[in-house]
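So the chains spell out like this:
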Amino acid sequence: MLKLARLNGQPEIFHSIQGEGKSIGRPSVFIRLSLCNLYCAWCDTDYTWNWEGTAFTHNNDVRPGYRKYRKEEYQQLISNEEIRDRLAVISCSNLIFTGGEPLVQQKDLRSLFRLLKENNPDYHIEFETNGTLKPLPEIDALTDQYNVSVKLANSKVAPEDRLNPEAIRFFAASPKANFKFVVDSRADLDEVLALVQGYGIRPEAVYLMPQGTSAAALREKQAWVAELCKQYNYNYTDRLHIHIWGDKRGV
Ligand SMILES: Nc1nc2[nH]cc(C(=O)O)c2c(=O)[nH]1
Ligand code: SF4
Ligand SMILES: [Mg+2]
């Protein structure tokens, strides 16, 4: 059984287009897993981890009416067979496992991936991961693409929590991995450069993405992020789903 985020009383599985990074624009099915091992201050899926009774702080704490989440309300258990059946009726072969941090449940994902690839060998499996957990060999064998978003200081997560050198080394060496850095200000670039150089990441595998959960906030950062991409030969990525649909769940 896997713990998925719950949306309208259903497990959060939705058909959309990949809004970010290397596969931007690809029609994809998102499977949003509950739980994360980090606690980013600007996280837009904090209903996967910011549980009632925890001490984490979030940028939304200042918003009137913002409340931490009741786990029983925002989590849903689901079997492998049910996930297989829900995916089988959607004619789309690009699967994106996201969260939260999907690799938190990687032991349980092993049997799901076997079942899915048996059912449809054409499935292309992507992970949206924060790069802190090294994939198990059985997971790596069935994964096609890792979109690795190592978190910077702007996340306000302690460095020892957000940077796991062993895992970053694994992804830096994997031909399936690309790195997507969420940048909030120009000053974030020093950290990106240190990581890219320190781990020998190829610039062609690097994506800079503006931080923002509204089209206006993203647009405000587009120009200087694009200039940095030109300067360092990194790729620019926006957040297409925010531009199209706004900060909504299930899109
Ligand atoms: N359309 C769309 N693209 C995405 N790419 C990464 C997403 C994520 O939440 O991990 C995401 C998402 O939530 N929606
Ligand atoms: S790693 Fe991702 S899901 Fe986890 S807190 Fe940070 S932004 Fe949210
Ligand atoms: Mg998202």
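Residues numbered from 1 in each chain as written. Chains lettered and ligands numbered in written order. Predicted model: local features only at pLDDT ≥ 70, side-chain atom pairs only at ≥ 80, totals over all residues. Heavy atoms only, no water.

In the nomenclature of an unreviewed UniProt entry, the protein is known as 7-carboxy-7-deazaguanine synthase of Flaviaesturariibacter flavus. As stated in UniProt under Sequence similarities (unreviewed entry), the record for the protein gives "Belongs to the radical SAM superfamily. 7-carboxy-7-deazaguanine synthase family." One UniProt comment on the protein, placed under Subunit (unreviewed entry), says "Homodimer." (UniProt positions renumbered as here; feature names shortened; annotations may be inferred.)

Trainee: How do you make sense of the site of ligand 1 when you look at a structure like this?
Mentor: Residues in close proximity to ligand 1 include Ser-16, Ile-17, Gln-18, Gly-19, Glu-20, Phe-30, Arg-32, Thr-98, Glu-128, His-241 and Val-251, which together make up its full environment. A distance of 2.7 Å separates a nitrogen atom of ligand 1 from a polar atom in the backbone of Ile-17. Burial of ligand 1 by the protein chains amounts to 91% of its free accessible area of 320 Å². Secondary-structure elements contributing two or more residues to the shell around ligand 1 are strand S3 (13-17) and strand S4 (27-32). (Near = heavy atom within 4 Å. Polar contact = N/O pair within 3.5 Å; in protein donor to acceptor, adjacent residues only side chain to side chain. Areas by Shrake-Rupley, 256 points an atom, 1.4 Å probe, with all protein chains shown as cover. Helix = DSSP H or I, 4+ residues; strand = E, 2+ residues; numbered from the N terminus.)

Trainee: Teacher, can you tell me more about the side chain of Glu-128 here?
Mentor: When you line up the elements, Glu-128 lands in strand S7 (residues 124-129). Within the local environment of Glu-128, its side chain forms a polar contact with the side chain of Gln-18, the two groups lying 2.9 Å apart. Looking at Glu-128, its side chain comes within polar contact range of the side chain of Asn-147, at 3.1 Å.

Trainee: I would appreciate a short explanation of the sheet that holds strand S5 (residues 75-78) in the present structure.
Mentor: Strand pairing in a sheet takes place through backbone hydrogen bonds and is either antiparallel or parallel in direction. The antiparallel open sheet is built from 3 strands, whose spatial order is S2-S1-S5. Strand pairing shows two members of the sheet lacking a second neighbour, strand S2 (10-11) and S5, which therefore form its edges. With 2 bridges connecting them, strand S1 (residues 2-7) and S2 associate as antiparallel partners. Its bridge partner lying in S2, Arg-6 is registered against Pro-11. (Pairing = 2+ DSSP bridges.)

Trainee: Sorry, what's going on with the sheet that holds S3 here?
Mentor: Taken in spatial order, the 8 strands line up as S3-S4-S6-S7-S8-S9-S10-S11 in an open sheet, and their pairing is mixed. Whereas interior strands pair on both sides, the edge strands pair on one side only; in this sheet they are S3 and strand S11 (235-236). The sheet contact formed by S7 and strand S8 (residues 145-148) spans 4 bridges and is parallel. Paired with Thr-129 across the two strands is Val-148, which belongs to S8. Against the sheet, helix H3 (residues 106-119) contacts strand S6 (94-98) and S7, and its axis sits at roughly 170° relative to S6. (Contact = heavy atoms within 4.5 Å. Axes fitted to C-alpha atoms, helices over the stretch in contact; angles between N-to-C directions.)

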